[in-house]
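One letter stands for each residue in the lines below.
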Amino acid sequence: MTHQLTQKERMLLSDQLSHEEICIQKYSGYAEKAKDPAVRNMFNQFAREEQNHYNMLNQFLGGQMSGEQGSQVQQGGQAGKAGSLQGSGFTLNFGESQVQGRYVAGDQAKADQQDSSMLQDMLMTEKYVSGTYDTAIFETVNPTIRQSLQHIQEDEQKHGEAIAKYMKEHGMYQVQQ
Ligand SMILES: [Fe+2]
Ligand SMILES: [Fe+2]
């Protein structure tokens, strides 16, 4: 299908495409590191959904970026705007705030702490991405694309909801959101 995109639409869709790429990269990488199988499953599932978003956006852009599948994204420390993960201490920096959950002695506590940091990072990432979809939706003239972006945004909000639910149920410390 071919769409005549405005310059603005093209720019915003490209932005969202790169956001989705980061989401795929983060969820896939974090799924490997997660200690709780439930977290691992959730991250793997969301990685697949982000890949669907990526494919959809790519299609709207005319497919000219199809060579850059998310799975080929380079893994690295500079994963995204939301924060960076470093070392075994798992300190996450988000601008002025630093995420540090409860600290209890033992391996289990350390595993919880690592999962908690990753969940917190993804919650913030989802919130950011959902916000940028707001702008994209408002600026999109094409009704088909607009509706698809609304569906994608709904998915992002569901991702955030599921992560927050898990964190709440597991008594994980939450910083400002
Ligand atoms: Fe997404
Ligand atoms: Fe998402």
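Each chain carries its own residue numbering, running from 1 in the written order of its sequence. Ligands are numbered from 1 and chains lettered from A, in the order in which they are written. In keeping with the model being predicted, local features are shown solely for residues with a pLDDT of at least 70 and side-chain atom pairs are shown and tallied solely at 80 or more, while totals for entire chains, interfaces and linings include all residues. For the side-chain quantities, the full set of heavy atoms in the structure was used; hydrogens and water were omitted.

Per an unreviewed UniProt entry, the chain goes by the name Spore coat protein and belongs to Candidatus Fermentithermobacillus carboniphilus.

Aromatic ring pairs are reported here in terms of the distance separating the ring centres and the angle at which the planes meet. Pairing of aromatic side chains requires ring centres within 6.5 Å, counting the rings of Phe and Tyr and the six-membered ring of Trp. Pairs whose planes differ by under 30 degrees are stacked, by over 60 edge-to-face, and all others tilted. Enumeration according to the criterion identifies 3 aromatic pairs in this entry. Plain terms: the ring middles of Tyr27 and Phe43 are 5.4 Å apart, the flat faces sit at 50° to each other, and that makes the pair tilted. Linking Tyr27 in helix H1 (residues 7–33) with Phe43 in helix H2 (residues 37–60), this pair joins segments that are 16 residues apart in sequence. Grouping residues by exposure puts Tyr27 and Phe43 together as buried. When the centroid spacing of 6.3 Å and the interplanar angle of 40° are considered together, the rings of Tyr30 and Phe43 count as tilted. You can see Tyr30 sitting in helix H1 and its partner Phe43 sitting in helix H2, a full 13 residues away along the chain. In this description a helix means any DSSP run of H or I spanning at least four residues, a strand means any run of E spanning at least two, and both kinds are numbered starting from the N terminus. The cut-offs for exposure are 20% and 50% of the maximum accessible area for each residue type, with area from a 1.4 Å probe on protein chains only; residues under the lower value are buried, those over the upper are exposed, and the others partly exposed.

A few words now on the nonpolar core. Joining through side-chain atoms within 4.5 Å is the link that ties buried Ala, Val, Leu, Ile, Met, Phe, Trp, Tyr and Cys residues into a set, and such a set is a nonpolar core. One finds Tyr27, Met42, Phe43, Leu119 and Ile163 to be the most contacted residues of the largest nonpolar core, which totals 18 residues. For this core, the secondary structure elements donating two or more residues are H1, H2, helix H3 (107–139) and helix H4 (143–169). In terms of residue count, H2 provides more of this core than any other element does, 5 residues in total. Grouped together as the second largest cluster of nonpolar side chains are 17 residues, Leu12, Leu13, Cys23 and Leu57 included.

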